[in-house]
Amino acid sequence: YEIGVRLVGSEMCIRDSHDIDGEKIKCVIDKNIISKIPEDGLVGDFINMTTLYADSQDLEAPEEGQWMSIDDSRHIVQSVSIEGTMLVIVLRENRQ
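Computed from a prediction, not measured in an experiment: that's the story for all the values here.

Q: Describe the overall build of the chain, and please don't skip the residues or the numbers.
A: For the chain, the helix and strand inventory stands at zero helices and six strands. The N-to-C order of helical and strand elements in the chain reads β-β-β-β-β-β. Taking contacts inside the chain between residues at least 6 apart in sequence as the whole, the part at least 24 apart equals 45%. On the chain, roughly 6600 Å² of surface is accessible, and the fraction owed to carbon and sulfur atoms is 45%.

Now the structure itself:
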């Protein structure tokens, strides 16, 4: 899927469903691995970030810092925004 910079709910047709906190929700999941390099510039840390796009009528907006289960993997909510009718949730995967 390609997600535009300015996402508007009416521009996107969501066909995939994922298990979100025990419920099947139609959504798009975009996974990224981000490299975080410490100040000393030696060994970097890799962070698994996930962005979830869902219709705000299908999924209740979580709070920042809240845990969410996505397809049997636990994530912590980093940020939440709404663009049109689309809920955009940025999550960080639990490393444990």
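Q: How would you explain unusual backbone geometry if you had to name every residue and give the values?
A: Phi angles above zero are rare outside glycine, and Asp-21 is one such case at about 50 degrees. Tracing the backbone through its elements, the reader meets Asp-21 in the loop between β1 (17-20) and β2 (23-36). At Asp-71, a position not held by glycine, the phi torsion is positive, near 50 degrees. Turning to its location among the elements, Asp-71 is positioned in the loop between β4 (67-70) and β5 (73-83). We classify Asp-71 as partly exposed; its relative accessible area is 37%.

About the criteria used
- Residues numbered from 1 in each chain as written.
- Predicted model: local features only at pLDDT ≥ 70, side-chain atom pairs only at ≥ 80, totals over all residues.
- Heavy atoms only, no water.
- Helix = DSSP H or I, 4+ residues; strand = E, 2+ residues; numbered from the N terminus.
- Contact = heavy atoms within 4.5 Å.
- Areas by Shrake-Rupley, 256 points an atom, 1.4 Å probe, with all protein chains shown as cover.
- Buried < 20%, exposed > 50% of the residue type's maximum accessible area, 1.4 Å probe, protein only.

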